[in-house]
Amino acid sequence: MENKSVSRLRRDLGTLEAYAALIGILIGAGIFQVTGDAWKITGPSVILGYILLTPAILATSIPYSAYLSTHLGREPGGEYLNISRTLNGYRLAYVGAWLKIISYIGAGTYLANAFARHVITLSGGRIDQKFRVPLALAALILFYLIHVGGIRWFGRMQVVLSALKCLALLVLIVPGLFLLDTANYTPFFTGGPSGFGSSLLPLFFAFAGFESIAQAAGEVKDSTRRLPNILPKGLTVTALIYVFAAIVSFGVLSGTQLQGTDVTLAEVAKNYLPAGAAVFVTIGAIAAIMTALNGTIFVPSRLGMTFVEDRLAPRWLGLINPTTATPIRGLTLTLICCVVLLISGQLSLALNVAVFALVVLYFMHSLVFLLLPRLNPTLASEIEIHLPHRMQQVAAVVSVLAMGLMIVMQL
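Residues numbered from 1 in each chain as written. Predicted model: local features only at pLDDT ≥ 70, side-chain atom pairs only at ≥ 80, totals over all residues. Heavy atoms only, no water.

Teacher, can you tell me more about the overall build of the protein here?
In terms of regular secondary structure, the protein is built from 16 helices and 0 strands. Here the C-alpha atoms of the protein give a radius of gyration of 20 Å, agreeing with the 22 Å that 2.2 N^0.38 yields for 411 residues. Put simply, the protein has 411 residues, and 59% of those count as buried. Here the contacts in the protein between residues at least 6 apart in sequence split such that 85% fall between residues at least 24 apart. Accessible surface computed for the protein: about 16,200 Å², of which carbon and sulfur atoms make up 66%. (Helix = DSSP H or I, 4+ residues; strand = E, 2+ residues; numbered from the N terminus. Rg over C-alpha atoms; globule rule 2.2 N^0.38 Å. Buried < 20%, exposed > 50% of the residue type's maximum accessible area, 1.4 Å probe, protein only. Contact = heavy atoms within 4.5 Å. Areas by Shrake-Rupley, 256 points an atom, 1.4 Å probe, with all protein chains shown as cover.)

Right under this line is the structure:
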């Protein structure tokens, strides 16, 4: 069962754009919003939560890197292609792909709302809360138009916004490391063992989406060589940023101060940075959410194209505009679904569904990877990553156990 070519897409993304796409979707609302939400559950032990989740996420990324190094890494199907070509069947892969589509629509809606909240905060009260939904809609439409314009615009936007938010994080983190008050880290576990366990679910959202880089495989130059290396390196850099940002957040502000804010890192910046620098950090938070939203809107339309190639969806869904080389109809359908969910107001449900769906998908993907050498030895022989086969299998086992535990905790 071979996938037909989707070469109608343009390979306009280089290494820099690919890193920006990965880090852009990771360092978004997770670090600027979810960190604060998790603090309310478990306190400063959020730092430990990020540290514990990092090896689990890195282990989960190994099967993705392995598959991306094969001929499947030339197409945008991601887990759908990997699972279907390993099992030589569509059913489980099709279910997994729909879990991903649902999760990204939920995440896109959540991110658009987070963008609106940060803009209102930055306005200092000049923008009323009643404009939250219109602002979120405007964000969705903006990035829809960017994607319609072509993958090159997507890449440029990710590079510029990622540079802005990384600079803002440096402005926040580096001075803060010299102002830490260790007393703020006690008590370390404010919610006990159960609270700490519950905090891992929202913290996981900070890492969720790393696999979206696989959907860019049809538009990255020399994707089978570049993407397998970009994935673990980008995740490692992101994890370090998360840990140090949490150390500064909880080391500079007391629990009482943190409790009164919804935008944790912006509040931290106001506490010890000059007014202009604090505003810049808030702008960086908005840029971070914009990069995550930009990457989130990208994914469902590429999966729809792969469905069409395997005759599992009507051909109109995978139509690629010959001028822009983008699946405009698939992008439009994604926009409509996000708008409907946003207007419905079920944002908490959207986030929970997004996280749960991705955890299940990661579990399925790693489990199928363990079966790859037995079920499709030809595909397994194509893997070219700098990691021994035994270590690849160990990583997949760690991922299955970690994701399985996350599923049980959420249920």
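Next comes the rest of the write-up.
Sorry if this is basic, but what is going on with the confidence of the model for the protein here?
Low pLDDT marks stretches whose predicted atomic positions should not be read closely. Mean pLDDT over the protein stands at 87; residues scoring 70 or higher make up 93%. When mean pLDDT is compared element by element in the protein, helix 15 (residues 377-380) scores highest at 95, while helix 10 (residues 255-259) scores lowest at 62. Residue range residues 1-7 is modelled with pLDDT below 50. Its contacts to residues more than four positions away, or to other chains, number 21 contacts. (pLDDT = per-residue confidence, 0-100.)

Would you mind showing me how to read the nonpolar core here?
Here is a general trend for soluble globular proteins: nonpolar side chains tend to be buried in one another's company. Among the nonpolar cores identified, the biggest contains 128 residues, and Tyr50, Phe204 and Phe210 are the most heavily contacted of them. Top contributing element to this core by residue count: helix 12 (residues 275-309), with 15 residues. Excluding anything up to four places from it in sequence, Phe204 contacts Leu53, Ile57, Val355, Val359, Tyr362, Met403 and Met406. (Core = buried A, V, L, I, M, F, W, Y, C linked by side-chain atoms within 4.5 Å.)

Honestly, the pattern of salt bridges in this entry has me stumped. Any pointers?
Oppositely charged side chains are able to pair whenever their charged atoms sit close together. Counting across every chain of the model gives 6 salt bridges. Between Arg85 and Asp310 there is a salt bridge, with the nearest N and O atoms lying 2.9 Å from each other. Of the two residues, Arg85 sits in helix 4 (residues 79-87) while Asp310 sits in the loop between helix 12 and helix 13 (328-344), which places them 225 residues apart along the sequence. Note on accessibility: Arg85 and Asp310 belong to one class, buried. (Salt bridge = Lys/Arg side-chain N within 4 Å of Asp/Glu carboxyl O.)

I'm lost on unusual backbone geometry in this one. Help?
Peptide bonds are mostly trans, and most non-glycine residues show a negative phi. Backbone torsion omega between Thr186 and Pro187 reads -5°, so that peptide bond is classified as cis. If you trace the backbone, Pro187 turns up in the loop between helix 7 (151-176) and helix 8 (192-207). Although it is not a glycine, Asn88 sits at a positive phi angle of roughly 55°. With respect to the helices and strands, the residue Asn88 is situated in the loop between helix 4 and helix 5 (91-122). For Asn88, a relative accessible area of 55% gives the class exposed.

In this structure, what is going on with the environment of Gly73? I would like to understand it.
Relative to the helices and strands, Gly73 is located in the loop between helix 3 (46-68) and helix 4. Classification of Gly73 by relative accessible area gives buried; the value is 0%. In the structure, Gly73 is positioned 157 residues away from Ile230 in sequence and 13 Å away in space, judged by C-alpha atoms. Apart from the residues lying within four places of it in its own chain, the contact partners of Gly73 are Tyr67, Leu68, Ala217, Ser223 and Thr224.

How should I be thinking about a nonpolar patch on the surface in this particular structure?
Together, Leu167, Leu170, Val174, Leu177, Phe178, Leu179, Leu180, Leu240 and Phe244 line one region of the surface with nonpolar side chains, adding up to about 850 Å² of accessible area. Elements that contribute at least two residues to the nonpolar patch include exactly helix 7 and helix 9 (223-252). No other element matches the 3 residues that helix 7 contributes to the nonpolar patch. For Phe244, a relative accessible area of 37% corresponds to the partly exposed category. (Patch = residues over 30% accessible without salt bridge, like charges linked within 9 Å, V, L, I, M, F, W, Y side chains within 5 Å.)

How do you make sense of empty space enclosed by the protein when you look at a structure like this?
Tallied over the full model, the rule gives 3 cavities of 30 Å³ or more. In this model, the second largest cavity occupies a volume close to 80 Å³. Lining the second largest cavity we find Ala21, Leu22, Ile25, Phe154, Gln158, Ser212, Ile213, Ala216, Gly295, Phe298 and Val299. Of all the secondary-structure elements, those providing two or more residues to the lining of the second largest cavity are helix 1 (15-26), helix 7 and helix 12. (1 Å grid on protein atoms, 1.4 Å probe; cavity = no way out; pocket = protein on both sides within 12 Å on 5 of 7 lines; lining within 4 Å. Points joined across faces, edges and corners; volume = space filled by probe spheres on them.)

Even after reading the chapter, I still don't get the packing of aromatic side chains, so can you show me in this structure?
Two numbers describe a pair of aromatic rings. These are the distance of the centres and the angle of the planes. With the rule as written, the count across this model stands at 16 aromatic pairs. Consider the rings of Phe188 and Phe189, whose centres lie 5.2 Å apart with planes at 90°: the pair is edge-to-face. Overall, Phe188 belongs to the partly exposed group, its relative accessible area being 30%. Here Phe189 falls in the partly exposed class, since its relative accessible area comes to 39%. Taking NZ or CZ as reference, Arg156 lies 5.1 Å from the ring centre of Trp153, over its face. (Phe/Tyr/Trp six-rings, centres within 6.5 Å; stacked < 30°, edge-to-face > 60°. Lys NZ or Arg CZ within 6 Å of the ring centre and 35° of its normal.)

Where do I start with the packing of helix 1 against helix 7 in this structure?
One way to put it is that helix 1 packs onto helix 7 with a least axis distance of 8 Å and a crossing angle of 60°. As judged from the angle between their axes, helix 1 and helix 7 are oblique. Remark: the crossing between helix 1 and helix 7 carries left-handed chirality. When helix 1 is examined against helix 7, the residues Leu16, Glu17, Ala20, Ala21, Ile23, Gly24 and Ile25 are found in contact with a partner set consisting of Phe154, Gly155, Gln158, Val159, Ser162 and Lys165. The class makeup of the residues in the contact of helix 1 with helix 7 is 7 nonpolar, 4 polar and 2 charged. (Axes fitted to C-alpha atoms, helices over the stretch in contact; angles between N-to-C directions. Parallel < 35°, antiparallel > 145°, perpendicular 65-115°, else oblique. Left-handed = near helix turned anticlockwise from the far one by under 90°. Nonpolar A, V, L, I, M, F, W, Y, C, P; charged D, E, K, R; others polar.)

What is the right way to read helix 7 from this model?
Each α-helix turn comprises 3.6 residues. Residues three or four places apart therefore point the same way. Its 26 residues place the ends of helix 7 37 Å apart at the C-alpha level, agreeing with the 38 Å of an ideal helix rising 1.5 Å per residue. Listing the buried residues of helix 7 in full gives Ile151, Phe154, Gly155, Gln158, Leu161, Ser162, Lys165, Ala168, Leu169, Leu172, Ile173 and Gly176. (Expected span 1.5 Å × (residues − 1).)

What is the right way to look at the side chain of His365 in this model?
The residue His365 is located in helix 14 (residues 347-375) in this model. His365 gets classed as buried once you look at its relative accessible area, which sits at 1%.

Just checking my understanding: could you explain the packing of helix 7 against helix 9 for this structure?
In a packed pair of helices, the relevant descriptors are the angle between the two axes and the axis-to-axis distance. Across the interface, helix 7 lies against helix 9 with an axial gap of 9 Å and an inter-helix angle of 55°. What the angle tells us is that helix 7 and helix 9 run oblique. Of the two elements, helix 7 crosses helix 9, and the hand of that crossing is left-handed. Residues Leu169, Leu172, Ile173 and Gly176 of helix 7 form the contact with helix 9, whose participating residues are Ile241, Phe244, Ala245, Val248 and Val252.

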